[in-house]
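Given next are the chains, with one letter for each unit.
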Amino acid sequence: MDFRPDAARMKRELAELVAINSENPPGGEGKVALWVRDVLVPLGFEVKLIEYDPGRFNVEASLVNGEGPVFAFNTHMDTVPAGDGWTSDAFTLSEREGKLFGRGSCDCKGPLAAMIEAVRMLVAQKQAWSGTLMAVFTGDEEVASAGARHYAASRPKIDVVVVGEPTGNACFSAHKGSFRPVVRIAGKAAHSGSPHLGDNAVFRAGQLMPLLAAFHENELAKRSHALVGNPSLTVTRIKGGHADNVIPAECEMLLDRRLIPGETDASAEAEIRELLEQAEESLGIRAAIVGYHATTGGATETGIGAPIVQASLEACRAAGVKEPGPFGFQGACDLVHFIEAGAEGVVIGAGDIRVAHRPDEFVPVDEFIGSAVIYADIARRILKPRP
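Figured I'd write up the structure that's included with this text. (Residues numbered from 1 in each chain as written. Predicted model: local features only at pLDDT ≥ 70, side-chain atom pairs only at ≥ 80, totals over all residues. Heavy atoms only, no water.)

### Concerning the overall build of the protein chain
Part 1 of the reasoning: When you go through the protein chain residue by residue, the secondary structure sums to 9 helices and 17 strands.
Part 2 of the reasoning: Counted over contacts in the protein chain with a minimum sequence separation of 6, partners at least 24 positions apart contribute 80%.
Part 3 of the reasoning: Entry remark: accessible area of the protein chain is about 16,200 Å², with carbon and sulfur atoms responsible for 52%.
Part 4 of the reasoning: Mean positive and mean negative side-chain charge positions of the protein chain (38 and 51 charges, respectively) differ by 2 Å. (Helix = DSSP H or I, 4+ residues; strand = E, 2+ residues; numbered from the N terminus. Contact = heavy atoms within 4.5 Å. Areas by Shrake-Rupley, 256 points an atom, 1.4 Å probe, with all protein chains shown as cover. Lys, Arg positive; Asp, Glu negative; His and termini not counted. Charge placed at Lys NZ, Arg CZ, Asp CG, Glu CD.)

Rendered as structure tokens:
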């Protein structure tokens, strides 16, 4: 099957997508969803716009082309806020030195545009394959994956999925997860002129921090996963006290616990609770988990022997990717939710995650165009060939 993407069309459509402001927060995926619908309906897809929160949407597009596997492309329609520091307009795609600049150019409107082009190539050769081709584009990945969580809860019938995220077009078959509990440390208020009459919760938090660091170094750093490496535990936010002249009665800290495949929110929470109990026994620190911050989700992996992993590696090699993988994604993404719904999948896309959330985000033109070829080739290898 000969796959030849239309590079000019891909650039034009990426420019249209970048121009749609879908910064999250607050999230403006609705206009992106309408754009996707208007592109895919003429190609013969049945398209559903799924409102999972007021004004927040997923897109599910399906094309049934005979019996065979259900293959889905997925990426997210939201972006992080543009922020300051850009040398060109964040919402106007610009090309210089072989790179396409704009918010979302690699995370993740570049993968979305490439998947749309791959869909076109597959539709043009419907006589060569049999099965169901889907495009499932979700909202809110950048904050809490509310879109993917909602979609996965419906238990969609998807056999395999390719998730678009910037990986340099290499195959990533595993990713880390994250769990963020809020820990409150209790103290006793008193006049700051008589601190001995109180119990300073900020000082108590200071006593707790070395215990958290030791747990990271002595326990978590010794665990390892072949593709994603080590889990971790750190403090990313802290607040305490309410007046200049009052000993703080409480202090809160946000813990960021990165999970590796095999770990869960529940297993991580159990370890943290045990650590807090030990802190009370040894140092009299009174601390408890009192809440949680939203995350993209847990860790997951698809085994290297799975057909989708092998097909992806073959497609990456055929496209000239020097190091096709499989690798492990250090961050989290929506793959875990599709796997929890029963699919197997990988993460592949053009661009470098290290530039994704920065000013002057960009995707290399050659990788962007090449990713459409890779996407279509993977689908060809998974969907049932017609005699």
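### Points about the packing of helix α1 (residues 7-19) against helix α3 (residues 109-124)
To describe two helices that pack against each other, one gives the angle between their axes and the distance between the axes.
Part 1 of the reasoning: Across the interface, α1 lies against α3 with an axial gap of 9 Å and an inter-helix angle of 135°. Looking at the two axes, α1 sits oblique to α3. Judged by the sense of rotation from one axis to the other, the crossing of α1 with α3 is right-handed. Where α1 abuts α3, its residues R9, M10, E13, L14, L17 and V18 lie against K109, G110, L112, A113, A114, I116, E117 and R120.
Part 2 of the reasoning: Split into classes, the residues belonging to the contact of α1 with α3 amount to 8 nonpolar, 1 polar and 5 charged. (Axes fitted to C-alpha atoms, helices over the stretch in contact; angles between N-to-C directions. Parallel < 35°, antiparallel > 145°, perpendicular 65-115°, else oblique. Left-handed = near helix turned anticlockwise from the far one by under 90°. Nonpolar A, V, L, I, M, F, W, Y, C, P; charged D, E, K, R; others polar.)

### Description of unusual backbone geometry
Part 1 of the reasoning: Of note, the bond from D107 into C108 is cis; its omega dihedral lies within 30 degrees of zero at 0°.
Part 2 of the reasoning: Among the structural elements, C108 can be located in the loop between β5 (99-101) and α3.
Part 3 of the reasoning: In this chain, G325 is followed by P326 through a cis amide linkage whose omega measures 5°.
Part 4 of the reasoning: Within the secondary structure, P326 sits in the loop between α7 (307-318) and β14 (327-329).
Part 5 of the reasoning: Phi is positive for S145, which is not a glycine, with a value near 55°.
Part 6 of the reasoning: Tracing the backbone through its elements, the reader meets S145 in the loop between β6 (129-138) and α4 (146-153).
Part 7 of the reasoning: In this structure, N169 takes a positive phi of about 65° despite not being glycine.
Part 8 of the reasoning: In this structure, N169 sits in the loop between β7 (160-163) and β8 (172-175).

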